[in-house]
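Residues per chain, in single letters:
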Amino acid sequence: MTATPAAHLTAAVKVYGGGDTEVRALDGVTLGFEAGRFTAIMGPSGSGKSTLMHCAAGLDTLTSGQAYIGGTELGSLGDKKLTLLRRERVGFVFQAFNLLPTLTVAENITLPQDLAGSRPDPEWTAALIDVVGLGDRLHHRPGELSGGQQQRVAVARALASRPEVVFADEPTGNLDSRSGAEVLGLLGRAVHEMGRTVVMVTHDPVAAAHADEVVFLADGRLAGRMQQPTAERVLDQLKSYDRKEAAR
Ligand SMILES: Nc1ncnc2c1ncn2[C@@H]1O[C@H](COP(=O)(O)OP(=O)(O)OP(=O)(O)O)[C@@H](O)[C@H]1O
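About the thresholds
- Residues numbered from 1 in each chain as written.
- Predicted model: local features only at pLDDT ≥ 70, side-chain atom pairs only at ≥ 80, totals over all residues.
- Near = placed C-beta within 6 Å.
- Helix = DSSP H or I, 4+ residues; strand = E, 2+ residues; numbered from the N terminus.
- Nonpolar A, V, L, I, M, F, W, Y, C, P; charged D, E, K, R; others polar.
- Pairing = 2+ DSSP bridges.
- Axes fitted to C-alpha atoms, helices over the stretch in contact; angles between N-to-C directions.
- Contact = placed C-beta atoms within 7 Å.
- Core = buried A, V, L, I, M, F, W, Y, C linked by C-beta atoms within 7 Å.
- Buried ≥ 20, exposed ≤ 12 C-beta atoms within 10 Å, placed from the backbone.
- Parallel < 35°, antiparallel > 145°, perpendicular 65-115°, else oblique.
- Left-handed = near helix turned anticlockwise from the far one by under 90°.

- The chain carries the name ABC transporter ATP-binding protein in an unreviewed UniProt entry, which gives Streptomyces oryzae as its organism.

Here is the structure:
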């Protein structure tokens, strides 16, 4: 028997709007994110990447089908239980960092646990701070840090409660290539050295090449999967979807 994936979707459909303006953003996606792996989600603009991530993470609901974190089906949870699940079992990294400007780096990192009333594990927090390389910045505020440093804080915050899965939405979208590479290296270390699970939406083939696997979406459907991606192979694959789109 194979282990339960960290997150998975079965026959996932998401429809926005209705009538003439109806959009099927997800059109029957069945997909699992294995634990202990770094997965990138790619596809042309409008292919449903963000929708898939939001529905898989419990930030949005499916029109039909199921989304699971571990063995928990999200559609069966009420708002309160869903909020708790997101807080305790899922980590998030967004393009815009989303740190609280009035809190220090250290306070930002432990904020989700403080909100949940859980006690941060000092050894784990220290290991995280070491990995993100911000030990000398713990009492600074986000405004005193570079974009790359802020995103490293956001990665540490996402990992602080040892969530079952971290979802990252274009985490390098606001960073220069060097800071972006640092953040991607950090996500990779979280997976390969700290046993975490990361699912990342990205437009950037170079970013996707940091993942163990790339999942391709096209028109709201699963269009392919690539193991051990390279930026070049990812780019070629994306071009093939563009050519199919142009031929329609
Ligand atoms: N709240 C919404 N209301 C209506 N349509 C939406 C909404 N959110 C997304 N869509 C539509 O659903 C489809 C998929 O959007 P989604 O943002 O998931 O794609 P994406 O692959 O993440 O795109 P991008 O790469 O441009 O960010 C698009 O056609 C989009 O216009």
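### Describing the site of the ligand
Move 1: In the vicinity of the ligand, the contacting residues are Tyr 16, Gly 17, Val 23, Ala 25, Gly 43, Ser 45, Gly 46, Ser 47, Gly 48, Lys 49, Ser 50 and Thr 51.
Move 2: At the level of secondary structure, the elements contributing two or more residues to the shell around the ligand comprise β2 (23-33) and α1 (49-56).
Move 3: By residue number, the principal contributor to the shell around the ligand is α1, which donates 3 residues.
Move 4: Within the shell around the ligand, the residues separate by chemical class into 3 nonpolar, 8 polar and 1 charged.

### Brief notes about the sheet that holds strand β10 (residues 221-227)
Paired through backbone hydrogen bonds, the strands of a sheet run either parallel or antiparallel to each other.
Move 1: The strand order β6-β7-β8-β3-β9-β10 describes an open sheet built from 6 strands, whose pairing is mixed. Only two strands of the sheet have a single neighbouring strand rather than two, namely β6 (90-94) and β10. On average, adjacent strands in this sheet sit at an angle of 20° to one another, irrespective of strand direction.
Move 2: Strand direction decides the pairing type here: strand β7 (residues 165-169) and strand β8 (residues 198-201), joined by 4 bridges, are parallel. Bridge pairing in β8 places Asp 169 opposite Val 201.
Move 3: In this fold helix α8 (residues 231-247) packs onto β3 (38-42), β9 (213-218) and β10, with an angle of close to 160° to the strand it touches most, β10.

### What about the nonpolar core?
Move 1: The biggest cluster of nonpolar side chains holds 65 residues, and the ones touching the most others in it are Ile 41, Val 155 and Leu 187.
Move 2: Once residues lying within four places of it in the same chain are set aside, the contact partners of Val 155 are Val 93, Val 132, Val 183, Leu 186 and Leu 187.

### Remarks on the environment of Gly 220
Move 1: The topology assignment puts Gly 220 in the loop between β9 and β10.
Move 2: Owing to 24 C-beta atoms within 10 Å, Gly 220 belongs among the buried residues under this scheme.
Move 3: Not counting the four nearest positions on each side in its chain, Gly 220 is found in contact with Arg 24, Ala 25, Leu 26, Asp 27, Ser 47 and Gly 48.

### Concerning the sheet that holds strand β1 (residues 7-16)
Move 1: Ordered by their spatial adjacency, 4 strands build an open sheet running β2-β1-β4-β5, and the pairing between neighbours is antiparallel. Every other strand in the sheet has two partners, leaving β2 and β5 (72-73) as the edge strands with one partner each.
Move 2: Relative to strand β4 (residues 64-69), β1 runs antiparallel, the two being bridged by 5 bridges. Residue His 8 lies in a different strand from β4, and its bridge partner there is Tyr 68.
Move 3: Strands in contact with α1 are β1, β2 and β4; relative to β1, the strand with the most contacts, it is inclined by about 120°.

### Quick look at the packing of helix α5 (residues 147-159) against helix α6 (residues 177-192)
Move 1: For the pair α5 and α6, interaxial distance at closest approach is 9 Å and the crossing angle is 15°. Between α5 and α6, the crossing angle belongs to the class labelled roughly parallel. Regarding α5 and α6, the two cross each other, and that crossing is right-handed. The residues of α6 that touch α5, namely those facing Gly 147, Gly 148, Gln 151, Arg 152, Val 155 and Leu 159, are Ser 179, Glu 182, Val 183, Leu 186, Leu 187 and Ala 190.
Move 2: Partitioning the contact of α5 with α6 into residue classes produces 6 nonpolar, 4 polar and 2 charged.

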